[in-house]
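Each chain, letter by letter, is given below.
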Amino acid sequence: MMANEVLLFVEQRNGEIKKSSLEALGAAKAIATSKGGSLGAVVAGEGISGLAETLGSHGADVVYMADHGDMAHYSTEGYAHAVTQALDKSGATILVGSATAMGKDLAPRLAARKDWAFLADTTSVAIEGDKLVVTRPEYAGKVISKLATAATGVVLTLRPNSFSVPEASGGSAQVETLDVSGANIRAKVVALETKEQGLVDVAEADRVVSGGRGLKEAENFSLVFDLAKELGAGVGASRAVVDAGWIGHDHQVGQTGKTVSPNLYIACGISGAIQHLAGMRTSKCIVAINKDAEAPIFQVADYGIVGDVFEVLPKLTDAVKALNS
Ligand SMILES: Cc1cc2nc3c(=O)[nH]c(=O)nc-3n(C[C@H](O)[C@H](O)[C@H](O)COP(=O)(O)OP(=O)(O)OC[C@H]3O[C@@H](n4cnc5c(N)ncnc54)[C@H](O)[C@@H]3O)c2cc1C
C-alpha cells in the first residue's frame, strides 16, 4: 500500500463526525494533494464503522478504524495509542487535527511522542516549496504570525470555523482496522453527564450570541438564549457574568475561556475588553449591541447597534422568528 503523506485525526461524537473534523479534512486533503500524496484518516470510537463512507466521500483515501469498547470515550492514552498505530501504518509525516478540547489535549502529546514540530491553532495552511506554511493568531489576536517549517515530522491543529467543509464527492476510502485492544488506559471514563441538551457547543457553533454584564442580572440572560435559539446559535458569555455565576464557564469566551471563530458573533452588553476580544476577534461578522457608543467592542464590530439590550434583543428575536416562520 502507498504511504499516506498526511494523516487526519477525526473526532466523532455519538457516531457523528464533528464539523471541525470535516473542515480539517478539506485542509488535510489540500496538503496531501499539493505534496502529491494521499490522505489517511484515523477515527476512534465504538460502533463507528459507518463513518468510513462519509470520510471517503469527503476525500480520505484510507480510513484507519479504531473501533473498540475501550475507545467508546475519549482518553488521552487510548486515543494516543490508536493514532500512533495509524501513524506507523500510514507512514504519514504530517498529522492534522482540530484545535478543539480533544485536539488540544491529544496533539501536543503526539508531537512530543514522535519528537515532531508542533503548530497549534492555525487559521490557514499552505505548502510553499518544501515548507509547510501556516498562520496563527497570537497575543490575544493582535498579531497574525506566519510560520514555516521544513521539519520532516509535523503535528498541526486547525482552529474550528476557519476552514470550509469540502463537498462530498462520492469517493470511497480503503478501510484498515487497527488492533487497539492493547491500549494501556489507566484513567477511565466511568460516566458522562451532559447538560443543556440541544445547545450547540459555543467553540464549534457557526453562530454565537454572547451576553455580558450589560444584561444586569442572571434572569435576563434568557434574552440571549431566546435569540440564540431562533438563530440555531451557541451561547457565549463574558468572564464578568461567568464569575458572577449567571452561566457556566463552558460558555466563557476569551483569553481564559474558549476561542470561537463563527460566521456570526453577536455581543450583547459586552464592553469588549482585550481578554474578551482574544477569544472572538477572528469571527467573520461581529455585531455589537451596547448602549455606550464609545465601548471598545465597536472597534472590532462589523455592525454596531448603539442601544439598550432590553429593547434591541426582543426585537431582533422577533424579527428572526418572523424570518424562520
Ligand atoms: C487575566 C484575565 C483574564 C480574563 N479573561 C477573560 C475572558 O476569557 N473573557 C472575558 O470576557 N473577560 C476576561 N477577563 C475580564 C475582562 O477584562 C473584562 O472584565 C470582562 O470581559 C468584562 O465583561 P463585560 O464586558 O460583560 O462587562 P463590562 O466591562 O462591565 O461591560 C458591560 C457593558 O455593557 C454595556 N451595557 C450596560 N447596560 C447596557 C444595556 N442596558 N444595553 C446595552 N449595553 C449595556 C456597558 O456599556 C458596558 O460596555 C479577563 C481579565 C483578566 C485580568
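Residues numbered from 1 in each chain as written. Predicted model: local features only at pLDDT ≥ 70, side-chain atom pairs only at ≥ 80, totals over all residues. Heavy atoms only, no water.

## Some remarks on the site of the ligand
Inference 1: Taken together, 26 residues lie near the ligand, and S238, T256, S271, Q275 and N290 sit nearest.
Inference 2: The separation between a nitrogen atom of the ligand and a polar side-chain atom of K216 is 2.8 Å.
Inference 3: The separation between an oxygen atom of the ligand and a polar side-chain atom of S238 is 2.6 Å.
Inference 4: For the ligand, whose free accessible area comes to 990 Å², the fraction covered by protein is 77%.
Inference 5: Among the elements of the structure, α6 (239–243), α7 (274–277) and α9 (309–324) are those that each provide at least two residues to the shell around the ligand. (Near = heavy atom within 4 Å. Polar contact = N/O pair within 3.5 Å; in protein donor to acceptor, adjacent residues only side chain to side chain. Areas by Shrake-Rupley, 256 points an atom, 1.4 Å probe, with all protein chains shown as cover. Helix = DSSP H or I, 4+ residues; strand = E, 2+ residues; numbered from the N terminus.)

## Examining the packing of helix α3 (residues 76–90) against helix α4 (residues 101–114)
For any two helices packed against each other, one specifies the inter-axial angle together with the distance between the axes.
Inference 1: Closest axis-to-axis distance for the α3/α4 pair is 10 Å, and the angle between their directions is 55 degrees. Accordingly, the angle class assigned to the pair α3 and α4 is oblique. In the crossing of α3 with α4, the sense of the turn from one axis to the other is right-handed. In this structure, α3 uses T76, E77, Y79, A80, H81, V83, T84, L87 and D88 to contact α4, whose residues at the interface are M102, D105, L106, R109, L110, R113 and K114.
Inference 2: Tallied by class, residues from the contact of α3 with α4 come to seven nonpolar, three polar and six charged. (Axes fitted to C-alpha atoms, helices over the stretch in contact; angles between N-to-C directions. Parallel < 35°, antiparallel > 145°, perpendicular 65-115°, else oblique. Left-handed = near helix turned anticlockwise from the far one by under 90°. Contact = heavy atoms within 4.5 Å. Nonpolar A, V, L, I, M, F, W, Y, C, P; charged D, E, K, R; others polar.)

## A look at unusual backbone geometry
Inference 1: Within the chain, D121 stands out as a residue other than glycine whose phi angle is a positive 60 degrees.
Inference 2: If you trace the backbone, D121 turns up in strand β7 (residues 117–122).
Inference 3: Given the relative accessible area of 17%, D121 is considered buried.
Inference 4: The backbone of N161 sits at a positive phi, close to 70 degrees, despite the residue not being glycine.
Inference 5: Locating N161 in the fold gives a position in the loop between β11 (154–158) and β12 (174–177). (Buried < 20%, exposed > 50% of the residue type's maximum accessible area, 1.4 Å probe, protein only.)

## Structural notes on the domain arrangement of the protein chain
Inference 1: We note that the domain assignment places domain 1 (4–177) and domain 2 (207–324) within the protein chain.
Inference 2: Taking the mean C-alpha position of each, domain 1 and domain 2 sit 31 Å from one another.
Inference 3: Counting residues at the interface gives eight residues for domain 1 and eight residues for domain 2.
Inference 4: Summed over both sides, the interface between domain 1 and domain 2 buries roughly 680 Å², with carbon and sulfur atoms accounting for 56% of that surface.
Inference 5: Of all residues in domain 1, the largest losses of buried area upon contact with domain 2 belong to A140, R159 and N161, amounting jointly to 63% of the total for that side. (Domains from an automatic or database assignment. Buried area = accessible area lost by both parts, 1.4 Å probe.)

## Notes on the pairing of strand β9 (residues 131–138)
Inference 1: Here five bridges tie strand β8 (residues 124–128) to β9, and the two strands are oriented antiparallel to one another. Along β9, the bridge assignment pairs V125 with V134.
Inference 2: Counted between consecutive antiparallel strands, the loop separating β8 from β9 contains two residues, among which G129 sits at a positive phi close to 65 degrees.
Inference 3: Where β9 lies against strand β10 (residues 143–149), seven bridges are found, and the strand directions are antiparallel. Within β10, the residue paired with V133 across the bridge is A148.
Inference 4: Here β9 folds back onto β10, and the loop between the two strands holds four residues, one of which, Y139, carries a positive phi near 45 degrees. (Pairing = 2+ DSSP bridges.)

## A short note on the sheet that holds β9
Inference 1: Read from one edge to the other, the open sheet built from three strands follows the order β8-β9-β10, with strand pairing classed as antiparallel. For this open sheet the edge positions go to β8 and β10, each flanked by a neighbour on one side alone. When strand polarity is set aside, the average angle formed by the axes of neighbouring strands in this sheet is 25 degrees.

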